[in-house]
Amino acid sequence: MKRTITTFVWMLLLTGYAGAQQQITNAGFESWDTIGGYSQPSSWFTLNALTQFGYDPTTTLTTDAHSGSYAVKLESLAGPSSDLSGVLCTGPILNAGLQPDFSKMKVPFSSKPQSLEVYFKSFPQPGDICVVAMFLTRWNVALQKTDTVAEAGFEFDDSVGVYTLATCPFVYSSPLQPDSMFIIASSSKDGFNPTVESMLILDDLRLTYSTGLNDITISSLQVYPNPANTEFAIHSDEMISGTIKIYSVTGTISHEQDINAKQASINVSALADGIYMMVLQSDEGMIVTRKIKVQH
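The following paragraphs examine the structure supplied in this document. (Residues numbered from 1 in each chain as written. Predicted model: local features only at pLDDT ≥ 70, side-chain atom pairs only at ≥ 80, totals over all residues. Heavy atoms only, no water.)

### What to know about unusual backbone geometry
Of note, the bond from Tyr224 into Pro225 is cis; its omega dihedral lies within 30 degrees of zero at -10°. By the element assignment, Pro225 lies in the loop between strand 15 (222-224) and strand 16 (231-247). Of note, the bond from Asn226 into Pro227 is cis; its omega dihedral lies within 30 degrees of zero at 10°. Positionally, Pro227 belongs in the loop between strand 15 and strand 16. Of note in this structure, Phe29 is not a glycine but carries a positive phi near 60°. Tracing the backbone shows Phe29 in the loop between strand 1 (2-3) and strand 2 (32-35). By relative accessible area, Phe29 is classed as buried at 0%. (Helix = DSSP H or I, 4+ residues; strand = E, 2+ residues; numbered from the N terminus. Buried < 20%, exposed > 50% of the residue type's maximum accessible area, 1.4 Å probe, protein only.)

### Some points on the environment of Ser210
Structurally, Ser210 is set in the loop between strand 14 (199-208) and strand 15. On the basis of relative accessibility, which here comes to 4%, the residue Ser210 falls in the buried class. With 95 residues separating them in the primary sequence, Ser210 and Ser115 have C-alpha atoms 9.0 Å apart.

### Details of the sheet that holds strand 8 (residues 115-123)
Here we have five strands laid out as an open sheet, ordered 4-5-14-8-11, and antiparallel in their pairing. Strand pairing shows two members of the sheet lacking a second neighbour, strand 4 (59-62) and strand 11 (160-169), which therefore form its edges. Mean inter-strand twist for the sheet, computed between neighbouring axes without regard to direction, equals 30°. (Pairing = 2+ DSSP bridges. Axes fitted to C-alpha atoms, helices over the stretch in contact; angles between N-to-C directions.)

### Looking at the side chain of Ser42
In this structure, Ser42 sits in the loop between strand 3 (38-41) and strand 4. Classification of Ser42 by relative accessible area gives buried; the value is 10%.

### What about the packing of aromatic side chains?
This model, assessed by the stated rule, comprises five aromatic pairs. On the numbers, 4.2 Å between centres and 40° between planes, the contact of Phe120 with Phe156 is tilted. In this pair, Phe120 sits in strand 8 while Phe156 sits in strand 10 (residues 145-156), placing the two residues 36 residues apart along the sequence. Per residue, the accessibility class of Phe120 equals that of Phe156, and both read buried. Relative to Phe182, the ring of Phe135 lies with its centre 4.9 Å away and its plane at 20°, an arrangement referred to as stacked. (Phe/Tyr/Trp six-rings, centres within 6.5 Å; stacked < 30°, edge-to-face > 60°.)

Written out as structure tokens, the structure reads:
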């Protein structure tokens, strides 16, 4: 089963469309570079530089692609002094001394996407979890630090042997426009203590955007009771006109219904116990998300 990342700030509002609709560079992994005896996807970074110390490359090209000629394979492998996770990132993972330094992973980015999509195969070993996450950030001049604007991602803890589309809405914790982003994927959740032979194959990453042009929020939206066993009630002081979708932890739509009122009921009696993401998209293009829990 694939689980959404537990550290997400689920309960915050997600704002609508703003800015250009940027996409991820080399998102299909068709272009690869050879650097100092090792290869990695163009515009991406890996731990493959450690091959100079006797490690096997943990991020490699595979012809087992969803589309095109290639995809990227991340694999946790045994090494000469420690086990090593397969890692893929948008910026350098290692500093000049070949030590982990995650402060340089960011790349310029100013859009506000609605969701992250990725085709994947996952083969985690028992007790291990494969991870994909994307963060939108902004430099805080007053505090001289990087703030997180939004995040999206998945955790995969079951084997999935055929290409499957994972879709995860971004959860926005700030209405500000981002100025950078970074993506990190790993064949093992604990990159410093991976389980050997865990594997994650990725292809065709894509960002989706709302078609609306308004940047508004339904600040009064309430969803209760939460958790619920048969139905959730939705209430707002404002008129809501749009579509409600409930996504399961596998990224599929478990329930969908239209709404054109200030309040509505969502019947979840047929859904299995667990955590879900409720996404409300108004006809004006605004997106609001809530984490909900079904508990019979």
